[in-house]
Amino acid sequence: MTKKTSIAWACALLSTLASAQDLAAYPQVFSGPQGLEVVLAPTTDGKAALMRVSGFNSPIDKVIFLGKQEQRGSGTEAYVTTLDGREWGLVQKQTNRYGSGERYVTYLPGRQGAVDLSFDEKKSKALNVAELKSAYARQQKDGVQEKLARFDRDKHLASAQTDLASTDTSASSACGSPVKTAVDWKSIDDDKLKKLSIASFCGEVASQMDSMCKSNASFKAKAASLGQIQCQFGAEMKLRVEGQKLVFTTHQDASNQGDFIQQFLRNQ
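Residues numbered from 1 in each chain as written. Predicted model: local features only at pLDDT ≥ 70, side-chain atom pairs only at ≥ 80, totals over all residues. Heavy atoms only, no water.

1. A closer look at the overall build of the chain
(1) Moving on: Counting its regular elements, the chain contains 10 helices and 12 strands.
(2) Moving on: Its C-alpha atoms give the chain principal-axis dimensions of roughly 70 × 40 × 30 Å.
(3) Moving on: Classification of the 268 residues of the chain by burial places 45% in the buried group.
(4) Moving on: Sequence separation of 24 or more characterises 48% of the internal contacts of the chain that already satisfy a separation of 6 or more.
(5) Moving on: Taking the average place of the 34 positive charges on the side chains of the chain and the average place of its 29 negative ones, the gap between the two points comes to 2 Å. (Helix = DSSP H or I, 4+ residues; strand = E, 2+ residues; numbered from the N terminus. Buried < 20%, exposed > 50% of the residue type's maximum accessible area, 1.4 Å probe, protein only. Contact = heavy atoms within 4.5 Å. Lys, Arg positive; Asp, Glu negative; His and termini not counted. Charge placed at Lys NZ, Arg CZ, Asp CG, Glu CD.)

2. Side note on the sheet that holds strand 9 (residues 180–183)
(1) Moving on: Sheet architecture is open: four strands sit in the order 9-10-12-11, paired in mixed fashion. Looking at the sheet topology across the chains shown, the edges are occupied by strand 9 and strand 11 (238–242). Ignoring strand direction, the axes of neighbouring strands in this sheet form an average angle of 20°.
(2) Moving on: Here strand 11 runs beside strand 12 (residues 245–250); their pairing, made up of five bridges, is antiparallel. Each bridged residue has a counterpart across the sheet, and for K238 the counterpart in strand 12 is T249.
(3) Moving on: Strand contacts of helix 10 (residues 257–266): strand 11 and strand 12, with the helix running at about 30° to strand 11, the strand carrying the most contacts. (Pairing = 2+ DSSP bridges. Axes fitted to C-alpha atoms, helices over the stretch in contact; angles between N-to-C directions.)

3. Describing helix 5 (residues 153–175)
Since there are 3.6 residues in each turn of an α-helix, residues three or four apart along the chain are aligned in direction.
(1) Moving on: For helix 5, with 23 residues, the first-to-last C-alpha span of 33 Å sits near the 33 Å given by 1.5 Å per residue.
(2) Moving on: For helix 5, the complete set of buried residues consists of L157, A160, L164, D168, A171, S172, A174 and C175.
(3) Moving on: Structurally, helix 5 contributes buried residues whose contacts are with strand 9, helix 6 (190–195), helix 7 (198–202), helix 8 (204–215) and helix 9 (219–225).
(4) Moving on: Where helix 5 terminates, the next one or two residues include G176, which has phi positive at roughly 70°. (Expected span 1.5 Å × (residues − 1).)

4. Details of the environment of V53
(1) Moving on: When you line up the elements, V53 lands in strand 3 (residues 48–54).
(2) Moving on: For the pair V53 and T162, spaced 109 residues apart in sequence, the C-alpha to C-alpha distance is 28 Å.
(3) Moving on: Each residue touching V53, except ones within four places of it in the same chain, is listed here: L36, E37, V38, I60, D61, K62, V63, L90, T106 and L108.

This is how it looks when you write it as structure tokens:
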């Protein structure tokens with residue numbers, strides 16, 4: 001999401017809240033595992049909601065977000081905000097495909113899968129809607145939500161580099177010689193960093209070397225001369241040898257990377 005798009009989207013949400021004049025009279029509070037609490041306070045027109053997650057060890061803890069209501073498929077109603085440069089369905093109501101029952105879930109940053117929530121009637125009745133709205137306004141004034149909405153490229157780079165280093169370490173151990181993956185980060189724009197696991201794409205050569213060294217001891221001699229890997233994104237998947245360096249060009253839609261790399265390495 002570009003800065004202009006993000007600002008326009010945020011302004012639209014603020015307009016939605018303003019046009020609704022107020023939040024609906026009956027907010028919902030949900031409980032989750034290990035002390036997790038989720039507040040969902042819809043606007044009177046149902047087009048948006050204030051959301052707050054508490055009890056979660058994350059920068060979003062106790063931050064109040066304004067989420068736009070979106071229908072996702074026939075059975076999911078999501079309240080979507082912006083986190084780390086992309087749209088995020090933080091709270092969702094999912095209806096059974098046969099229409100018998102529904103459940104509320106939250107998708108938390110850094111955690112895989114949905115977290116089931118249970119409605120807490122007592123906390124819901126006790127929630128002060130006016131205080132929630134005032135706290136949201138204070139955080140907006142301080143720029144809390146805006147900071148969390150911005151894409152943090154440095155954080156994504158650091159995470160990818162850590163994962164790549166782990167893959168290299170495993171391959172080095174299996175092959176008995178150094179394996180080191182370097183990435184041409186200039187070939188990877190923010191959109192790719194948001195959507196793709198760069199460590200999975202660029203770490204595939206080292207991963208295949210690791211596997212081949214473990215399954216075939218004779219390959220270790222080849223690995224000793226091909227331990228330097230250069231990875232970049234391009235128009236199509238390619239792999240070539242330049243001196244003692246493997247130059248790997250990958251593509252976000254490339255399929256069967258592992259088979260392609262393994263076949264190339266066998267022929268060296």
